[in-house]
Amino acid sequence: MLEIRRGTPEDFSQVTDQVVASFRTHTPAHPRFEDYDPSTVNPTPQAMSAWRLAFVDGKLAGGLVMVPRRLRLGKTEVTYGGIGHVHCMPGFRKHGVFSALMRRAIQDMREEGIPLSALGGDRLRYGHYGWEHAGVLRTLRLEPAMLRFRPPADEPSILEFREYRGGEADTLRLWKARESAFACPLKSSPQECRATLLKPGRPVYLWNPTESQFAYAVLKDRTILEYGGDVEGVERIVRYVLQTGNWNVLVPPPECSGPLEEMLDGYAQCFLVENLSQFRVNFLGRALEAFRPWLEPRLESWQGSVTLKVEDGEDSETVTLAKALGQPLAIRESQEEPTLTLSRRELPPLLFGPGLPAALSHDPSPFWRMAFPLPLFWPSLEHV
């Protein structure tokens, strides 16, 4: 008999042993999950309740984590369910455990009203359940040779920076710097921000020469995973790391760029656009409503009606976007004849790009190119 329930603190030891054993069947050197993802994998009741654990005849067979996360993109705030640590023990594979866990995660997200979900992994494996690559991850390649195109400045040394070690005052500054960004993952408290930033193997450089000046950057290998604060401070960190050779920096979608990205672009030799994350649209209407601050200005001069239908068995939905000249945009569930019918898996690329799906590539209607793609990305520090 297969049973799925939420985890408890009493499950922690067995779950952490089994999830790493499951991953090591294909990746022998895989680190323990509680070591590299302690903000999500820890024995507190809150963290353990995020686990969905599958038991077969009373034996732990597999599990996954589903953690609600919040993301701000301009004036849009959207909640997504981060799926991670999906595993099934070798003796229970090919017995429906994985399918049952994915269906349970989808059911829980729908019951909790979470419009989007994000995960990483095998595209075809998760595509069967409605996830697909979408959104944009941009990487700028920074090169020391580009310094000659920037205004001359004294070169910084390591003594100009401190390393973030979780202190209360630094945590509060970091939290405020993150929260003030145009595009950022939102945390409920400085303590939640601290847990994310203290993950091992990713030193956080702080620039804080005076009480009113502050900047930070999170480094891993030769990549700047995240940055924030004063432009001058982030640039000092960039100039310092470029003394050691080429570096990459992850930046948000173009629509979310600002002074920091303009500065970084001045050190970039080239850029790469990828969509490494997979997204699922759990509720089409709620997702579109969340992105209303982007849709309304884009469709200000548009008038008409477009109806999208998502074919998904019992979870099928039909949503109409309509606008009369001078009237606000209407987003509503409807029974109207669909303009376009898509599967759940085809929906993320339509909404979030990076380009229109093939079915619309030759469609002459201006609506599609005015409305989509909407900006979306998965912040690099968010494991799930």
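Residues numbered from 1 in each chain as written. Predicted model: local features only at pLDDT ≥ 70, side-chain atom pairs only at ≥ 80, totals over all residues. Heavy atoms only, no water.

### Notes on the overall build of the chain
- A count of helical and extended segments in the chain gives 13 helices and 19 strands.
- In terms of overall dimensions, the chain is globule-like: its C-alpha atoms have a radius of gyration of 22 Å, near the 21 Å expected for 384 residues.
- Reported as C-alpha extents along the three principal axes, the dimensions of the chain are approximately 65 × 60 × 35 Å.
- Scored against the burial criterion, the 384 residues of the chain give a buried share of 53%.
- Contacts in the chain between residues far apart in sequence, at least 24 positions, make up 70% of those at least 6 positions apart. (Helix = DSSP H or I, 4+ residues; strand = E, 2+ residues; numbered from the N terminus. Rg over C-alpha atoms; globule rule 2.2 N^0.38 Å. Buried < 20%, exposed > 50% of the residue type's maximum accessible area, 1.4 Å probe, protein only. Contact = heavy atoms within 4.5 Å.)

### Here we look at the nonpolar core
- The biggest cluster of nonpolar side chains holds 42 residues, and the ones touching the most others in it are Phe-291, Leu-295, Leu-350 and Phe-372.
- When near neighbours in sequence (up to four residues on either side) are disregarded, Leu-295 contacts Leu-288, Leu-321, Leu-329, Ile-331, Ala-371, Phe-372 and Leu-374.
- Membership of the second largest hydrophobic core comes to 24 residues, among which are Ala-215, Ala-217, Val-238 and Tyr-267. (Core = buried A, V, L, I, M, F, W, Y, C linked by side-chain atoms within 4.5 Å.)

### Describing the environment of Ser-22
- Its place among the elements puts Ser-22 in helix H1 (residues 12–23).
- Note: C-alpha distance between Ser-22 and Trp-247 (225 residues apart in sequence) is 34 Å.
- If near-sequence neighbours (up to four positions away) are discounted, Ser-22 is found in contact with His-87, Cys-88, Met-89 and Arg-93.

### Some words on the pattern of salt bridges
- Per the counting criterion, the structure on display carries 32 salt bridges.
- The partner of Asp-108 in a salt bridge is Arg-52, and the shortest N-O contact between them spans 2.8 Å. One end of the pair, Asp-108, is in helix H4 (residues 97–111); the other, Arg-52, is in strand S2 (residues 51–56), and 56 residues separate them in sequence.
- For Arg-178, the salt bridge goes to Glu-226, with nearest N and O atoms at 2.6 Å. Here the residue Arg-178 occupies a position in helix H6 (residues 168–179), and Glu-226 occupies one in strand S12 (residues 223–229), the gap between them amounting to 48 residues.
- One network of salt bridges, in which partners are shared, links Arg-6, Arg-52, Arg-104, Asp-108 and Glu-112. (Salt bridge = Lys/Arg side-chain N within 4 Å of Asp/Glu carboxyl O.)

### Concerning the sheet that holds strand S11 (residues 215–220)
- Spatial ordering of the open sheet is given by S8-S10-S11-S12-S13-S7-S14, a layout of seven strands whose pairing is mixed. With partners counted over all chains shown, the strands left at the sheet margins are strand S8 (162–163) and strand S14 (268–274), one partner each.
- Bridging between S12 and strand S13 (residues 247–251) involves two bridges; their strand directions are parallel. Among the inter-strand pairings, Thr-223 is bridged to a residue of S13, identified as Asn-248. (Pairing = 2+ DSSP bridges.)

### Quick look at the sheet that holds strand S18 (residues 330–333)
- The sheet built from four strands is open, its strands ordered S18-S17-S16-S19 with mixed pairing. Either end of the sheet is taken by a strand with one partner, and the two such strands are S18 and strand S19 (340–343). Adjacent strand axes in the sheet meet at a mean angle of 20° when their direction is disregarded.
- Relative to strand S17 (residues 317–323), strand S16 (residues 304–311) runs antiparallel, the two being bridged by seven bridges. Residue Lys-309 lies in a different strand from S17, and its bridge partner there is Thr-318. (Axes fitted to C-alpha atoms, helices over the stretch in contact; angles between N-to-C directions.)

### Re H6
- Compared with the 16 Å implied by 1.5 Å per residue over 12 residues, the 16 Å span of H6 between its first and last C-alpha is a close match.
- All buried positions along H6 are accounted for by Asp-170, Thr-171, Leu-174, Ala-177 and Arg-178. Projected down its long axis, H6 carries its buried residues within an arc of 130°, all on one side. Set apart from the buried face of H6 by more than 90 degrees, the exposed residues are Glu-168 and Lys-176. (Expected span 1.5 Å × (residues − 1). Arc of directions from axis to C-beta.)

### What about the environment of Pro-209?
- Along the chain, Pro-209 turns up in the loop between strand S10 (204–207) and S11.
- In the structure, Pro-209 is positioned 28 residues away from Ala-181 in sequence and 21 Å away in space, judged by C-alpha atoms.

### Notes on the state of the cysteines
- The tally for this structure, following the rule as stated, stands at zero disulfides.
- Considering cysteine sulfurs only, Cys-193 is the nearest to Cys-184, which forms no disulfide, with 9.7 Å between them. (Disulfide = S-S within 2.5 Å.)

### Some thoughts on the pairing of S11
- Counting buried positions along S11 gives five out of six residues, so the element sits mostly inside the fold.
- Across four bridges, S10 lies against S11 in antiparallel orientation. If you follow Trp-207 over to S11, its bridge partner there is Ala-215.
- Bridge count for S11 against S12 is six bridges, and the pairing is antiparallel. Within S12, the position partnered with Lys-220 by the bridge is Thr-223.

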